[in-house]
Amino acid sequence: MSEGVISSDSANNGALQGSAQVSNALDQQATLKDKFSSLFSNAMENNPYFAAGGGLMVLGTGLAIARSGLIKASRLLYRQMIVDLEIQSKDKSYAWFLQWMSKYPQRVSKHLSVRTNYVQHDNGSVTTKFSLVPGPGNHWIRYRGAFLMIKRERSSKMLDLTNGSPFETVTLTTLYRDRHLFNEILNEAKDIALKSTEGKTVIYTSFGPEWRKFGQPKAKRALPSVILDQGIRDNILNDVHEFMKNGKWYSDRGIPYRRGFLLYGPPGSGKTSFIQALAGELDYNICILNLSEGNLTDDRLNHLMNNMPERSILLLEDIDAAFNKRAQSGETGFQSSVTFSGLLNALDGVTSSEETITFMTTNHPEKLDPAILRPGRVDYKVFIGNATPYQIEQMFLKFYPEEESLCNKFVEAVTKRGITVSTAQLQGLFVINKDKPEMALQMIDTMLKSPDNF
Ligand SMILES: Nc1ncnc2c1ncn2[C@@H]1O[C@H](COP(=O)(O)OP(=O)(O)OP(=O)(O)O)[C@@H](O)[C@H]1O
Ligand SMILES: [Mg+2]
């Protein structure tokens, strides 16, 4: 029995043991848990590495939230309070702005780049001027009490295809309340730039599809220094003035506001010189296209004529070239040049809101198709010939102002020989005989024999 008891005991025992084992296991689990938590809290409290990590985690999350908030806030602030203005290098005001910056060296920071300017004086001599302009980078300036940040950036990848220079931008940034300064700066820059060409004629010529300044602005040539036959100069001048006064008349009648002039005659008679002097007189710039240049195509001509710099006279030289090409264009194909119809279309298609004054020159009027002489294309046509006695006299007196009697002899000597001399030849003769009018008189025959020398 006892065995049984024992056995039952043992069984009980076993059961007890079993339950003791379970509770033991539970106990153990509990203590494990306790241990873990105490280990954790122990580690957190006593182990500096864990404590720091936890702290950092909380801090990091906090900061990240704060940071995104700050970014949002600063963006909002930026949008609300900051304005910027971007000027691209292809815009006209870009060069003006850089020049403006160079006038204020104290405003320019440490990153500079150099811009070289030639200045032609009225006597023709040239001096070179270096101006320091802000280089790529950030610059801070103070202008009329406000702070401005100027950022000049150069794109290393993008090239301005029309002139091969790197594409650049300048960005001006300032506070919203100072935004009116942008306009003031641009106007000031424009005034400075225009002042540097005051009293000068800027000559533009085509460079690919765009107009480019040809050399430095030239001192204006005085109109009376070009000696045309009596009345020609004043008649053209009156006509141009009359045209320029009548913008409203044209627009009221829906007529394109343009006028075309054709000067034709032998080489060296002063056509080009006169038109340049006229541009100076009117305070206009001049855009010159030479139609005998092979690289000018119809498309380009049209584009250029419709995108002229403001206040410019268009000068189309050697327009007979367009008429030569008409005969050729069918067979050649590789000779890309302006065609007759291309020229007519370009002349008819000029859509400028401003007045358009076009001067055309040719040495071969007989080659022109009568279609070009239609009003609206050529409205005024005038022959500029070789020197007339009046012109010979005026040219002589221009070079030797006090030599009236020698002048008469000179005119007589030339006319007696019944020869034709161009005004350019006369100029050549007088230039090599500076201050020696008698020599000029003696050399008439030399001039006749080899007119090409002059
Ligand atoms: N009538 C003139 N009065 C003053 N100078 C003149 C005159 N004609 C020619 N010249 C001088 O001769 C040179 C050549 O003149 P210009 O180029 O104006 O001639 P052009 O008629 O345009 O010739 P081309 O038909 O060959 O183009 C210039 O240096 C210019 O000063
Ligand atoms: Mg000429």
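Given the structure is predicted, the values throughout are model-derived calculations rather than measurements.

Student: Tell me what's going on with the sheet that holds strand E8 (residues 203-207), and back it up with residues and numbers.
Tutor: Spatially, E9-E8-E12-E13-E14-E11-E15 is the arrangement adopted by the seven strands of the open sheet, whose pairing is mixed. Strand pairing shows two members of the sheet lacking a second neighbour, strand E9 (210-213) and strand E15 (380-383), which therefore form its edges. Mean inter-strand twist for the sheet, computed between neighbouring axes without regard to direction, equals 25°. Relative to strand E13 (residues 312-317), strand E12 (residues 285-290) runs parallel, the two being bridged by six bridges. By the bridge assignment for E13, Cys 287 is matched with Leu 314. Sheet strands in contact with helix H5 (residues 232-245) are strand E11 (258-264), strand E14 (356-362) and E15, and its direction is about 165° off that of E15.

Student: With reference to specific residues and values, describe the pairing of E11.
Tutor: The buried fraction of E11 amounts to seven of the seven residues, a majority that puts the element mostly inside the structure. With seven bridges connecting them, E11 and E14 associate as parallel partners. Among the inter-strand pairings, Gly 260 is bridged to a residue of E14, identified as Thr 358. Of the strand pairs in this sheet, E11 and E15 are connected by four bridges, and their pairing is parallel. From the neighbouring strand, Leu 262 faces E15, where its bridge partner is Lys 381.

Student: I'd like a description of the site of ligand 1, backed by residues and values.
Tutor: Around ligand 1 there are 14 residues in total, and Pro 267, Gly 270, Thr 272, Ser 273 and Thr 423 lie nearest to it. Those elements that place two or more of their residues in the shell around ligand 1 are helix H7 (271-282) and helix H13 (423-432). A per-class count over the shell around ligand 1 returns five nonpolar, eight polar and one charged.

Reading the values: rules and limits
Residues numbered from 1 in each chain as written. Chains lettered and ligands numbered in written order. Predicted model: local features only at pLDDT ≥ 70, side-chain atom pairs only at ≥ 80, totals over all residues. Pairing = 2+ DSSP bridges. Helix = DSSP H or I, 4+ residues; strand = E, 2+ residues; numbered from the N terminus. Axes fitted to C-alpha atoms, helices over the stretch in contact; angles between N-to-C directions. Contact = placed C-beta atoms within 7 Å. Buried ≥ 20, exposed ≤ 12 C-beta atoms within 10 Å, placed from the backbone. Near = placed C-beta within 6 Å. Nonpolar A, V, L, I, M, F, W, Y, C, P; charged D, E, K, R; others polar.

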